[in-house]
Amino acid sequence: MSIATPVPRLVDQFQLGLDAPICLTWELTYACNLACVHCLSSSGRRDPHELSTAESKAVIDELERMQVFYVNIGGGEPTVRPDFWELVDYATAHHVGVKFSTNGVKITREVADRLAASDYVDVQISLDGATPEVNDAVRGRGSYATAVRAMEHLDRAGFRGFKLSVVVTRHNAGQLDAFKKIADRYGAQLRLTRLRPSGRGADVWDELHPLPEQQRELYQWLLAHGDDVLTGDSFFHLSAYGESLPGLNLCGAGRVVCLIDPVGDVYACPFAIHDAFLAGNIRDPGGFAAVWRESPLFLDLRRPQTGGACTRCSAYDACRGGCMAAKFFTGLPLDGPDPECVQGHGATALRVADRATAPRPSGDHSHAAGVRSAPVQLGIPTARARRPVRACDESPLNGGSR
Amino acid sequence: MTAFDAARTWRLHPQVSVRPEPFGALLYHFGTRRLSFLKDRLLLDVVRALDGRLSATAACLAAGVPADQLARYERALAQLAAGDLLRPIDRDEVAG
C-alpha cells in the first residue's frame, strides 16, 4: 500500500476538516461588465463595503501564515478592480498562488504576456457555449467573442494549460466534444462544472440544469476523458451511476473549502451565499483564521453528518447525498437526496417540496438596469437581464491524480 | 520517469510547498499545480530530512525509519520523485 499520494480514506480525514482550507475561493468584487443569467453570486454592481486594498493585502498575509497554497479569485469580474494586478503580484510575492476566473474582458496581449511569464498565476476563462448562440444566450451578447479573443492572446503569449471553464447546462451538454476542441486549439485544459441553483442561478435552474439523459451522457463522457478534463470534483453526485469519477467524492464545504466574499463575509462554499452558511467576517477580531478554525457553523459541518433518508440507498457511499447548496436552494432538506440524484429520488422530492418557500440567496448586486452585453434571447428560454459565473474552486482534492 | 536511486542525493523541488497536517502533510507543486498527500507523519520527517543528507536512504534512517520499513519508505520517495516533487542533485552541488 502506498503511503504517498491520494487514497480514498483521506475522505474521512477531510470530512473532519483541516487546519486551513485547501481550496479557497475569494470573490474580489461584485462588479461585473456582464449579467450572466446563472451568476451564482448575483453580481453586477460593486458593493460600497468591499475590502480595501490594504484589507485585501492583510488577508493575503494571513493566508500566507496559514499556508494556503493558492486562492481561486473570482467575482464579479475580478479584473475590473483597479488594484487587481497589484493584489495578484502581492499574493504571489507572498507565496500564495493565484488562479483567477475571468470572462476575458481585460486579457489584452500585454496582460497575456505578463501572465505567461508567471509560474504562480493561472487563468480560467469562462465560456458556457461552444458556439456564440449558446454562450451569448446565457452570458450576454459579445461575451463569446471576448472569451475567444482572450484565449487567442494567452495562446499567442505561450501560456500553456490555462483553463477553459464551462458550466454544463441543458443547452451546452451536447457540445462537450466541441468544447474540448476549443480547449485543444488554444493549448488550454477543459474544466466542466456543475450548474448550481445559487445566486441568479436559482431563477433559471429549472430551465437550465441538464436533463436526466444528459446527465448520464455527461457521466460517460467524463469517465472516458478521465484526468484530461477537470471538474473541481463538482459532479460527485454522478458517481452514484456506478463507477466513481476521478477525484474525491465529498462535499468540502467548511471542511476543506470556503468562500470569502467581496465584503469579507466567509461562507461555507462558493455556492452557498446565504445567511444559513455564513460563518463570520474577516473584519471580525481574529480575522479569517479564527472564522475558519472556530466558527460554530464550520465546527458543526465538521461533525459527522447524517445522510437521512439517503443512508438507506445503495449509492450513498458513492454520492454521499450530493450537493448541500443544490438541495438548500431548491427547497430540499439537507439530509435528503440531491435534486439531480441519478436514482430519481431528487425529482420525486422536488415534486412534493414546496418550491415557493425555498430559501432565496442572500444579497443581490445585479445591475438594476440592463447592461450593454445583456444575454440575448434566441429562442433559448433562459435569458433575463443579468450576469456572470465565476466558476468554482478547483478542487485540488483530486491531488496527484489530476 | 527516471528510475529512482535511493543512493542518490534528493531534494524537494524548489516549487513545492509543504503543509503539515495531523494525518501527514499536503504538498503543492506550483509548477504542475498539483496537490499530493503524505499520509504519514514519518514520511514527512523523511522528506524534511532529505535536506542535508547525501542519499535518500540516509534521510530515511536519520528520520527514524526502522530498517524493516526502509523499502516501503524508499518506494514512497520514488513515487514522489515520479511526480517531480523530488529532484536528484549532484553531490558536488551539495558540497558547493
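Keep in mind it's a predicted model, so treat the numbers as computed, not measured.

> Any chance you could explain helix H9 (residues 212-225) of chain A here in plain terms?
The α-helix winds at 3.6 residues per turn, so residues separated by three or four positions along the chain end up facing the same way. Residues and elements named next belong to chain A. The end-to-end C-alpha distance of H9 is 20 Å, a good match for the 20 Å that 14 residues give at a rise of 1.5 Å each. Among all positions of H9, only Gln215, Leu218 and Tyr219 are buried. The buried residues of H9 occupy one face: seen down the axis, they fall within an arc of 100°. Along H9, the residues that are exposed and aim more than 90 degrees away from the buried face are Glu213 and Ala224.

> Can you help me understand the packing of helix H5 (residues 132-139) of chain A against helix H6 (residues 143-156) of chain A in this one?
To characterise two packed helices, one gives the angle between the axes of the helices and the distance between these axes. All names here are of chain A. Between H5 and H6, the shortest axis-to-axis distance is 8 Å and the interhelical angle comes to 110°. What the angle tells us is that H5 and H6 run roughly perpendicular. Mapping the contact onto sequence places Pro132, Asn135, Asp136 and Arg139 in H5 and Ser143, Tyr144 and Ala145 in H6.

> Sorry, what's going on with the sheet that holds strand E2 (residues 70-74) of chain A here?
Backbone hydrogen bonds are what pair the strands of a sheet, in a parallel or an antiparallel way. Residues and elements named next belong to chain A. One open sheet holds the 9 strands; their spatial order is E6-E5-E4-E3-E2-E1-E7-E8-E9, and the pairing between them is mixed. The open sheet terminates on both sides in strands that have one partner only, identified here as strand E6 (189-194) and strand E9 (278-281). When the angles between neighbouring strand axes are averaged without regard to direction, this sheet yields 25°. By the bridge criterion, 6 bridges tie strand E5 (residues 163-168) to E6 in an arrangement that is parallel. Bridge pairing links Lys163 to Gln189 in E6.

> Just to check I follow, could you spell out the pairing of strand E4 (residues 121-126) of chain A for this structure?
As a general feature of sheets, a regular strand has side chains that alternate between the two faces. Residue and element names in this part refer to chain A. With 6 of 6 residues buried, E4 is to be regarded as a mostly interior element. Burial of E4 is two-sided: the residues Val121, Val123 and Ile125 facing one way and the residues Asp122, Gln124 and Ser126 facing the other way are all buried. Considered for its hand, the β-α-β crossover made up of strand E3 (residues 97-102), helix H4 (residues 109-116) and E4 is right-handed. As paired strands, E4 and E5 are joined by 3 bridges and run parallel to one another.

> Even after reading the chapter, I still don't get unusual backbone geometry, so can you show me in this structure?
Most peptide bonds adopt trans geometry, and most residues besides glycine take a negative phi value. Residue and element names in this part refer to chain A. Following Gly75, the chain continues to Gly76 via a peptide bond in cis, the omega torsion being 20°. Among the secondary structure elements, Gly76 is positioned in the loop between E2 and helix H3 (84-93). Non-glycine residue His95 carries a positive phi angle of around 60°. By the secondary structure assignment, His95 is in the loop between H3 and E3. Owing to 16 C-beta atoms within 10 Å, His95 belongs among the partly exposed residues under this scheme. At Arg320, a position not held by glycine, the phi torsion is positive, near 50°. One can find Arg320 in the loop between helix H12 (316-319) and helix H13 (324-329).

Definitions and cut-offs
- Residue numbering note: each chain is counted from 1, following its sequence as written.
- Chains and ligands are labelled by the order in which they are written, letters from A for the one and numbers from 1 for the other.
- Local features in this predicted model are restricted to residues whose pLDDT is 70 or higher, and side-chain atom pairs enter the listing and the counts only when it is 80 or higher, whereas totals over whole chains, interfaces and linings include all residues.
- Going along the chain from the N terminus, every DSSP run of H or I of four or more residues is numbered as a helix, and every run of E of two or more is numbered as a strand.
- Expected span of a helix: the number of residues minus one, times 1.5 Å.
- Residue burial is a threshold on neighbouring C-beta atoms within 10 Å of the residue's own C-beta, all placed from the backbone, with 20 or more meaning buried, 12 or fewer meaning exposed, and counts in between meaning partly exposed.
- Note that the arc is defined by the directions from the helix axis to the C-beta atoms.
- For helices, the fitted axis covers only the stretch in contact; all axes are lines through C-alpha atoms, and the angles between them, taken along N-to-C directions, range from 0 to 180 degrees.
- Angles are sorted into four bins: roughly parallel if under 35 degrees, roughly antiparallel if over 145, roughly perpendicular if 65 to 115, and oblique for all others.
- Residues are scored as being in contact if the C-beta atoms we place from backbone atoms lie within 7 Å.
- When DSSP finds two or more bridges between a pair of strands, those strands are recorded as paired.
- Think of it like this: strands point away, you trace from the first strand over the helix to the second, and a clockwise trace means the crossover is right-handed.

Honestly, it's all geometry; don't read function into it.
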